[in-house]
Amino acid sequence: MPHDVNLIATIAVGFVLASIFGYLADRLRLPALVGYLVAGVFAGPFTPGHIADPAMAGQLAEIGVILLMFGVGLHFSASDLLAVRGIAIAGAVGQILLATLMGMALTHFWGWDFGHGVVFGLCISVASTVVLLKALEERNLVQTTMGRVAVGWLIVEDLAMVLALVLLPAFATALGGHADAAHAAPDQGPVWLVLLLTLAKVAGFVLIAALVGPRVVPGILIRVAKTGSRELFTLSVLALALGIAFGSAAAFGVSFALGAFFAGVIMGESQLSHRAAANSLPLQDAFSVLFFVSIGMLFDPTVIVDKPLEVLAIVFLIVVGKPIAAFLIVLLLRFPVRLGLGVSASLAQIGEFSFILAGLGATYGLMTNEGQSLILAAAILSITVNPLAFMAADAVGKWAGRRFPDWAENFGKTKERALAAELRRIRSETEKREHEQARKITEFVETFPLFKAVNAEDQEELLLLFVPRTASPGERVVRVGEKGDAMYFVVSGTVTVNVNGTGVELKAGSFFGEMSLLTGAPRTADVTAVDYCNFLVLSQRDFRQFTSRHPAVREAVQAMAEERLAMNRAAATVVDHHSDEQLDSGASTADR
């Protein structure tokens with residue numbers, strides 16, 4: 001080829017193979033993501049044929065993770081996180097500790113040292129948020145109580161892993177690893193100082209996201225939406241998602257995924273959040289596929305042949321041991337059995353943070369190449385069988401309902417009802433805001449049928465373009481001879497349009513000022529408020545920009561303007577004729 005097309009080749013090969021194997025997986029009644037993983041294996045360096053660039057695929061996959069977490073944040077408010085904190089924080093921390101201990105016990109049995117065991121245990125303790133979301137979406141569980149708890153649980157896990165990634169270099173030597181010049185980060189001082197700085201950075205990021213974000217990001221979106229450019233709006237959404245994710249990682253040391261999640265939470269407060277979600281969805285779906293392809297590319301299938309028992313032992317810990325630990329923690333926190341089973345099934349896999357931790361552990365001599373291969377093999381197998389974990393959870397729930405009906409039905413119900421009520425309240429407030437916006441659009445269209453032909457998205461954009469204005473009785477709204485720089489829509493009240501001494505009343509649903517916008521000529525009429533009036537004012541620039549994309553609206557306004565102009569001319573002719581009659585009458589009197 002005449003130039004380097006590594007990026008294009010990686011994307012093309014990834015998408016083509018993912019579509020083929022994804023389709024085959026669906027035909028075999030397997031989850032599509034199993035096909036994506038297999039596609040990665042075929043595109044990777046451990047199988048014959050074309051070899052895509054794993055590093056490039058990993059970065060493209062990171063974009064998918066960012067967009068996916070951003071989409072979750074758009075539908076997951078800060079109130080949701082606070083509502084589930086009682087179970088998510090305690091549950092995630094407890095489950096990480098228990099899973100890490102189980103991993104350490106297994107590696108001790110294999111003869112690994114303490115430091116390797118700690119890193120290995122952390123690797124299997126954290127589940128993949130991407131896999132979880134895919135599983136919840138397939139089962140329509142994202143908006144349920146269990147779905148909210150599971151997502152909140154994994155957000156806490158992500159925060160804990162951010163802390164682990166920062167602290168691992170500081171503890172590397174103490175854990176038996178190395179910290180020489182080739183691998184170690186610059187000296188950051190005592191461990192307690194590193195911990196304090198890390199917590200301060202994360203707290204600073206959350207504080208800025210909570211206080212500054214909602215005051216800035218929605219305003220940016222509204223300003224961009226007012227331009228009327230769909231591509232600019234989509235570009236701005238992606239720029240905010242990727243920019244906040246990258247900026248938070250660079251400035252505060254948090255993960256891209258976590259930064260993108262909070263970007264979504266911030267943008268979710270905007271009235272344009274549903275539009276942002278719809279515009280980013282196609283890219284989110286496409287790049288999230290590359291996440292699974294990139295995992296498959298890292299997998300060496302020979303490890304299953306060389307170390308079958310080790311791989312099975314790790315998979316057993318991930319899909320059985322870790323879920324049991326999570327289930328017991330949920331019961332200890334006095335929440336229902338079915339909630340515990342659902343959360344347990346959600347955690348029966350590992351993903352992105354496991355690979356990052358394993359790679360960092362290898363850098364500091366705390367993870368062998370063999371250990372990395374085992375983790376990758378276990379990750380792919382656990383992701384593949386994760387649907388079975390949900391099926392098993394359903395089966396156990398039904399069995400418990402038959403075997404221990406009272407316990408399965410009533411245990412933890414009080415806490416679940418309180419949590420569900422709080423989540424419903426939050427959801428109700430969100431829906432109330434959405435309904436209020438929909439009501440405004442409906443009332444606007446009913447008041448001004450002129451805009452019925454415009455689609456809902458453009459109607460919403462038009463409402464953003466309007467500037468509200470009021471007028472008191474007797475107040476002059478428009479004067480003859482003024483520059484026509486805006487068009488007025490009467491929302492309530494009555495105005496009088498005075499043309500050549502003739503007054504015409506306009507009520508709610510009418511508009512005026514259009515002739516000056518169309519012709520560029522000065523105002524030809526005085527407009528005065530008869531009673532208290534509310535207007536929506538559309539500037540000349542916004543009027544021209546909006547009607548250029550909606551010729552039917554411009555034609556309707558043009559027709560009304562021509563009709564009114566004809567009426568004005570007729571009125572002026574009548575006035576002139578009446579004046580001539582008065583002059584003739586006066587002349588006759590003088591003659592007499």
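Below is a short write-up of the structure. (Residues numbered from 1 in each chain as written. Predicted model: local features only at pLDDT ≥ 70, side-chain atom pairs only at ≥ 80, totals over all residues. Heavy atoms only, no water.)

1. Regarding the overall build of the protein
Looking only at helices and strands, the protein has 24 helices and eight strands in total. For 592 residues, the compact-globule estimate of 2.2 N^0.38 gives 25 Å, and the C-alpha radius of gyration of the protein, at 33 Å, exceeds that figure by more than 25%. With respect to the three principal axes, the spread of C-alpha positions in the protein is 130 × 70 × 55 Å. Looking at the 592 residues of the protein, the share that counts as buried comes to 47%. (Helix = DSSP H or I, 4+ residues; strand = E, 2+ residues; numbered from the N terminus. Rg over C-alpha atoms; globule rule 2.2 N^0.38 Å. Buried < 20%, exposed > 50% of the residue type's maximum accessible area, 1.4 Å probe, protein only.)

2. What to know about the sheet that holds strand S3 (residues 486–492)
Reading across the sheet, the four strands line up as S1-S8-S3-S6 and stay open at both edges, with antiparallel pairing between neighbours. Two strands close off the open sheet at either side, each with one partner strand: strand S1 (467–471) and strand S6 (511–512). Pairing of S3 with S6 involves two bridges; the strand directions are antiparallel. Paired with Tyr488 across the bridge in S6 is Phe512. Strands S3 and strand S8 (533–539) of the sheet are contacted by helix H23 (residues 540–549), whose axis makes an angle of about 70° with S8. (Pairing = 2+ DSSP bridges. Contact = heavy atoms within 4.5 Å. Axes fitted to C-alpha atoms, helices over the stretch in contact; angles between N-to-C directions.)

3. Things to note about the side chain of Thr107
Among the structural elements, Thr107 can be located in helix H5 (residues 85–110). A distance of 2.9 Å separates a polar side-chain atom of Thr107 from the backbone oxygen of Met104. Among residues more than four places away in sequence, those in contact with Thr107 are Trp112, Gly117 and Phe120. (Polar contact = N/O pair within 3.5 Å; in protein donor to acceptor, adjacent residues only side chain to side chain.)

4. Some words on the sheet that holds strand S4 (residues 495–499)
Across the sheet, which stays open at both edges, the four strands sit in the order S2-S7-S4-S5 with antiparallel pairing between neighbours. Looking at the sheet topology across the chains shown, the edges are occupied by strand S2 (476–478) and strand S5 (502–506). Across the sheet, the mean angle separating the axes of adjacent strands is 30° when strand polarity is ignored. Sheet analysis places S2 next to strand S7 (residues 526–529), joined by two bridges and oriented antiparallel. When the sheet's bridge partners are listed, Arg476 is paired in S7 with Thr528.

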